[in-house]
Amino acid sequence: MRFSLWAASLLIGGQLLAATFPAKADEQRLLFTSLSPPNSPNSAFFNEWAKRVNDGSKGTIKVEVKDGFALANYENVYSRVLDDIVQIGWATFPTLAGKFPLAEIPGLPFMADNSEHAAVALWRLYKTGLLDAEFRDVVPIWVAVYPPPRLHLNKTPRSLDDLAGLKIGTSARYEAALVEKLGGTPISVRPTQLYEMLQRSTIDGTAMSWAAFEPFNLKEVTSYHVEIRFGGGSGMFFMSRKKFDALPEEARKALQDAGGEAMSRQFGVYLDEQAARQRSIVANMPDKHKLVEPTEVQIESWRQKAQPIIEDWIKTRPGGDGQKVFDTYKGLIAKAQAGQ
């Protein structure tokens, strides 16, 4: 009898504990591939975000940040998410083989002054519904626009008015188009290839954001930096729509609460701060690096050379929506820059 009473009390106590503390077995594990080095500022930022989501999910999900490129890379992350190998990915639109021709708009030259304003405008553009056809299969948790790339060379150019004879590594089509308009030869290069190609002088320079200098050690292989404003590459942190829709309501809410316009802005501010910090490091090495601010005349000349790129983008967008999307995005940028 004593054993039976003891067993019954243990069973009841176990049931009460189970009701108070949900079983971990009910918690869904979501792998988030950061595509960033371990112990980097990016990794710290993403882990803080994951903790915020986990704390708000009421035990329904656990986001685990996986650094590096073991699970995915920039070229295959979209398919890895759709195939459920990872559940949250960081993708850049220019690398996705034309899947997001409208969402690539921040990559056009001279569109925005920083990452924060461009990202807020892109999220608001997404919320207008003009981009819905491109997001049929995925749900963006937040969007990103990287700080506008600058021109970084491993030698002093003959002239800033003509880049003839210079091979410039680029990873986005509109960067390549502007390099060509300026007289240079664009070479398609993945960011992970830049260090070696610059070191060997296979290329003479690259169009790359200051924010990329630390991750790819570019200060070691460049010396001349021109503050020309290429368009900022855009991207998203996303899940497959099928996977997202299957999550419990509490999990979806936690992801949405930690994403959206507020997170697009926060990540934009973070990227701008990273770009400013890394530019400052290079600027404080005057014996090894020279930073050049173009004149107003040069900027206007580059704008005129860039105009055909913008006109071609507008004309070639699928569905004939190029002009409407362009005008809407420009208006949204103006509002973001005005603090609205």
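Criteria and thresholds
Residues numbered from 1 in each chain as written. Predicted model: local features only at pLDDT ≥ 70, side-chain atom pairs only at ≥ 80, totals over all residues. Heavy atoms only, no water. Axes fitted to C-alpha atoms, helices over the stretch in contact; angles between N-to-C directions. Helix = DSSP H or I, 4+ residues; strand = E, 2+ residues; numbered from the N terminus. Parallel < 35°, antiparallel > 145°, perpendicular 65-115°, else oblique. Contact = heavy atoms within 4.5 Å. Nonpolar A, V, L, I, M, F, W, Y, C, P; charged D, E, K, R; others polar. Phe/Tyr/Trp six-rings, centres within 6.5 Å; stacked < 30°, edge-to-face > 60°. Salt bridge = Lys/Arg side-chain N within 4 Å of Asp/Glu carboxyl O. Buried < 20%, exposed > 50% of the residue type's maximum accessible area, 1.4 Å probe, protein only. Pairing = 2+ DSSP bridges.

## Here we look at the packing of helix 11 (residues 296–316) against helix 12 (residues 322–337)
1) Next: In contact at an axis separation of 7 Å, helix 11 and helix 12 are set at 125 degrees when each is read in the N-to-C sense. Relative to helix 12, the element helix 11 lies oblique. Along its contact with helix 11, which presents Ile310, Trp313 and Ile314, the element helix 12 presents Gly322, Gln323, Val325 and Phe326.
2) Next: Considering only residue class, the contact of helix 11 with helix 12 consists of 5 nonpolar, 2 polar and no charged.

## Quick look at the packing of aromatic side chains
1) Next: Applying the stated criterion to the full structure yields 27 aromatic pairs.
2) Next: Linked through ring pairs, Phe32, Phe45, Phe46, Trp49, Phe69, Tyr74, Trp90, Trp142, Tyr146, Phe237, Phe267 and Tyr270 together constitute an aromatic cluster.

## What about the pattern of salt bridges?
1) Next: Counting across every chain of the model gives 15 salt bridges.
2) Next: Across the pair Glu64 and Arg29 runs a salt bridge, and its minimum N-O distance is 3.0 Å. Taken as a pair, Glu64 in strand 2 (residues 61–66) and Arg29 in strand 1 (residues 28–33) lie far apart in primary sequence, 35 residues in all.
3) Next: Between Glu261 and Arg124 there is a salt bridge, with the nearest N and O atoms lying 2.9 Å from each other. With Glu261 in helix 10 (residues 260–283) and Arg124 in helix 4 (residues 115–127), this pair connects stretches of sequence that are 137 residues apart.
4) Next: For Glu261, a relative accessible area of 27% corresponds to the partly exposed category.

## Examining the sheet that holds strand 10 (residues 234–240)
1) Next: Read across the open sheet, the 3 strands follow the order 3-10-4; overall the sheet is antiparallel. For this open sheet the edge positions go to strand 3 (89–92) and strand 4 (138–145), each flanked by a neighbour on one side alone. Averaged over all neighbouring strand pairs, the angle between strand axes comes to 30 degrees, with direction disregarded.
2) Next: Sheet analysis places strand 4 next to strand 10, joined by 7 bridges and oriented antiparallel. What sits directly across from Val138, in strand 10, is Ser240.
3) Next: Lying on the sheet, helix 2 (residues 41–56) is in contact with strand 3, strand 4 and strand 10; it crosses strand 4 at an angle near 140 degrees.
4) Next: Relative to strand 4, helix 4 is tilted by about 155 degrees, and along the sheet it contacts strand 4 and strand 10.

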